[in-house]
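Notes for the structure review
Each chain, letter by letter, is given below.
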Amino acid sequence: MSRNVWVVMVALALVMSFASTAWADDASLAQPGAAEVASADVGATGETVCLDDYWCDRPRWSGYAGGIFLQRARAGSVSVFRYMANDAMAMDAHDLSFDHELGPEVELVRHGNRGRDLQVRYFGIQDWSAETTVHGSTNEFRFHQFGLNLFDIEDYAVRYRSKLDSLEVNLSFPTQRWLTPLVGVRWVQLHESGLTIVDQFQPGLYDRYGIRANNALVGVQIGAAGRLWNGPRLHIDSVIKGGLYGNTASRSFDADVGLIGQYHLSATDTCTAFVGELGFSATYQVTQRLAVRAGYEWMWLDGVALGPDQMPGTVLVTTPPTTQLDRSTLMLNGATVGVELTF
């Protein structure tokens, strides 16, 4: 997790600390709301007695810690290498496939009165990686997008790396027992270290290329959580969220092309992006305070800069060399599992 994420999380922890103090000390919030009054009665001494533990017997805090096994979709079809003799494709960026990777997922919720909750949630994947080797032959390679002809027949190692961080703060306020609307803010960072292309005949000395893209998204989201099934120990929930984000996107290209020379090109742009999320989870109550949760979720990021997509906008044979920032869509999906503690 980056240092910036830790700073933001500490700041949010302080905000939640103040919020919890305000909730706990405000006597007016201790009075039952409309939903509680509907399920309450007046005792012999005139005090309000809660008859429904759904609203009244709720913990002050709950915390969740677990793992998220996310897979990111392949890159779109972008020609990386072609053979000079017949212009046949030697490598497509879409051929690079990512496995599921494990990352942390943590959540802290301050439960307020009348079902209002304040949630802070973080998850991240620190290293998706996909690799392949483009084998040389009697045909010389050509970088299809850059306009460069590679006058050798060595093998080229191609590596694509990516990482994701997501931090969100949500306020929820139930309208029904089975439906809880929410509104919040979210920060998402997607960093792409792809593609890194190295001549394996003389690695570090001849023909090395690196394309990087970085996306910093900040925005507001709305959504809702739904209780699909509620049993004595097991309950099944769903959540859907979506929002518009401002994305500060940047890309850079570095190359050391043998006798031709060295290149460094960069571009930055600010644009509107969209982030959506859909998830389902099942929670089993082991004890009064301990539960086990497992689920599956999907995530969409639209308007983000991905590594291979920056290749078509980079031309090294012009004077001066040119580059531009291109954006596209990324999809993620995977399972989650962890434990929840209430107190």
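See the structure printed just above.
Just so you know, these numbers come straight off a predicted model, no measurement behind them.

Reading the values: the criteria
- Residues numbered from 1 in each chain as written.
- Predicted model: local features only at pLDDT ≥ 70, side-chain atom pairs only at ≥ 80, totals over all residues.
- Heavy atoms only, no water.
- Salt bridge = Lys/Arg side-chain N within 4 Å of Asp/Glu carboxyl O.
- Helix = DSSP H or I, 4+ residues; strand = E, 2+ residues; numbered from the N terminus.
- Buried < 20%, exposed > 50% of the residue type's maximum accessible area, 1.4 Å probe, protein only.
- Phe/Tyr/Trp six-rings, centres within 6.5 Å; stacked < 30°, edge-to-face > 60°.
- Lys NZ or Arg CZ within 6 Å of the ring centre and 35° of its normal.

**Examining the pattern of salt bridges**
- Summed over the entire model, instances satisfying the criterion amount to 16 salt bridges.
- Its salt-bridge partner being Arg121, residue Glu105 comes within 3.0 Å of it at the nearest N-O pair. Of this pair, Glu105 sits in strand β6 (residues 101-111) while Arg121 sits in strand β7 (residues 117-134), and the two are 16 residues apart along the sequence. Pair check on accessibility: Glu105 and Arg121 agree, each one buried.
- The salt bridge involving Lys241 is made with Glu168; its shortest N-O contact spans 2.9 Å. In this pair, Lys241 sits in strand β13 (residues 234-257) while Glu168 sits in strand β10 (residues 156-172), placing the two residues 73 residues apart along the sequence.
- Assessed through its relative accessible area of 8%, Lys241 is described here as buried.
- Sharing partners across several salt bridges, the network here consists of Glu105, Arg121, Glu168, Arg186, Lys241, Glu277 and Glu297.

**Some details on the packing of aromatic side chains**
- What the rule picks out here adds up to 3 aromatic pairs.
- Here the aromatic rings of Phe280 and Trp298 are separated by 6.3 Å at their centres, their planes lie at 85°, and the arrangement is edge-to-face. Placement of the pair is Phe280 in strand β14 (residues 261-285) and Trp298 in strand β15 (residues 290-304), with a sequence separation of 18 residues.
- On the accessibility criterion, Trp298 (30% relative accessible area) is partly exposed.
- Directly above the aromatic system of Phe98 lies the positively charged group of Arg72, at a separation of 4.7 Å from the ring centroid.
- We note Arg293 situated over the ring of Tyr64; from NZ or CZ to the ring centre the distance is 4.0 Å.

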